[in-house]
Amino acid sequence: MRVSRSVPIAALAALALAFSASPARADDDPPAADPVAVLTTGSAGGPNVAVGDVLNATVAAGTTANFATAAGGSTGVKCAVSAFTATVADNPAAPGVATESTTAHTFSSCTANIFGVTRVNSVTVNNLPFGTTVDSATGAVTVSGTEAAPIQTTLSLGTILGSVTCVYQATNGSITGVSSNTDNSIAFTDQAFTKTSGPITCPGSGFFTATYAPVVDTTVEGSPVVFTN
């Protein structure tokens, strides 16, 4: 007698269909995308800036970095060339506070219109590196020194009687700027410094104003601009 094979074949077909229709295992799911971090490149919400990346910016085209003798004043020292470099230490999910280490801050091509000063020999930032934070909620960029290593700037100025050295420290122990995604900038306005040493030729205080743009990530190919989220 011939035995029918239709039942087992049908059963195998049903079993195969069941396996093909069963949901994928959890470990087969594609990995979830990383959350958008405080700092991204290329666009708001773009690729996250990696820890260890080096950021850089120069003073915005057509502007100068200024050390005025009074808040909002025009008397003081102006530098046509200025730049900063910072290394990203932590870049958490937004909203949050990213941390950086500012490792360089330079000034050159400086002039002065201070009475008795004939030239600017140099402007040097001392005690680097400085801890730096970027708060995505407010856009505030805060650079902080410590008691042992305060934010300090030394100006060497030429006078008709020779060169003098003027040393200034951040009055509040830190300076704060504001980041903008419009031009990928950080703007500092009238950040106060107090003279800690120097002759009477040196003004008693200084107010730092500068806009750095664009901020770029030099570690990434093409040095894309940096956004705050």
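Here the structure is a predicted model, which means the values were calculated and not measured.

Calculation criteria
Residues numbered from 1 in each chain as written. Predicted model: local features only at pLDDT ≥ 70, side-chain atom pairs only at ≥ 80, totals over all residues. Heavy atoms only, no water. Disulfide = S-S within 2.5 Å. Helix = DSSP H or I, 4+ residues; strand = E, 2+ residues; numbered from the N terminus. Buried < 20%, exposed > 50% of the residue type's maximum accessible area, 1.4 Å probe, protein only. Core = buried A, V, L, I, M, F, W, Y, C linked by side-chain atoms within 4.5 Å. Phe/Tyr/Trp six-rings, centres within 6.5 Å; stacked < 30°, edge-to-face > 60°. Polar contact = N/O pair within 3.5 Å; in protein donor to acceptor, adjacent residues only side chain to side chain. Contact = heavy atoms within 4.5 Å.

Turning to the state of the cysteines, a few remarks are in order. Summed over the entire model, instances satisfying the criterion amount to 2 disulfides. The residue that forms a disulfide with cysteine 79 is cysteine 110, at a sulfur-sulfur distance of 2.0 Å. Judged by the sign of its S-S torsion, about 105 degrees, the cystine formed by cysteine 79 and cysteine 110 is right-handed. With cysteine 79 in strand 4 (residues 76-90) and cysteine 110 in strand 5 (residues 97-112), this residue pair connects regions lying 31 residues apart in the sequence. Per residue, the accessibility class of cysteine 79 equals that of cysteine 110, and both read buried. One disulfide in the model links cysteine 166 with cysteine 202; its S-S distance is 1.9 Å. Taking the torsion about the sulfur-sulfur bond, which here is approximately -75 degrees, the covalent link between cysteine 166 and cysteine 202 counts as left-handed.

Counting residues in each nonpolar core, the largest one holds 42 residues, and the members touching the most others are Leu39, Val77, Phe107, Val123, Phe208 and Tyr212. Tallying contributions element by element places strand 4 first for this core, with 5 residues.

Applying the stated criterion to the full structure yields 6 aromatic pairs. Ring plane angle 40 degrees and centroid distance 5.8 Å describe the contact between phenylalanine 188 and phenylalanine 208, whose orientation is recorded as tilted. Taken together, the positions of phenylalanine 188 in strand 12 (residues 185-197) and phenylalanine 208 in strand 13 (residues 205-212) put the pair 20 residues apart, joining distant regions of the chain. Three or more aromatic residues joined by ring pairs form one cluster here, namely Phe67, Phe84, Phe107, Phe188, Phe208 and Tyr212.

Let us look at the side chain of serine 136. Looking at the secondary structure, you find serine 136 in the loop between strand 7 (130-135) and strand 8 (140-144). Given the relative accessible area of 14%, serine 136 is considered buried. A polar side-chain atom of serine 136 sits 3.2 Å from the main-chain carbonyl oxygen of asparagine 229. Each residue touching serine 136, except ones within four places of it in the same chain, is listed here: Val38, Ala94, Pro95, Gly96, Thr228 and Asn229.

Glancing now at unusual backbone geometry. The residue after alanine 94, namely proline 95, is reached through a cis peptide bond having omega -5 degrees. One can find proline 95 in the loop between strand 4 and strand 5. In the segment running from alanine 213 into proline 214, the intervening peptide bond is cis, with an omega of -10 degrees. The residue proline 214 is located in the loop between strand 13 and strand 14 (216-217) in this model. One non-glycine residue, serine 109, adopts positive backbone phi at about 55 degrees. Looking at the secondary structure, you find serine 109 in strand 5. Phi is positive for asparagine 184, close to 55 degrees, though the residue is something other than glycine. Relative to the helices and strands, asparagine 184 resides in the loop between strand 11 (174-180) and strand 12.

Remember, this is a structural readout, not a statement about activity or role.
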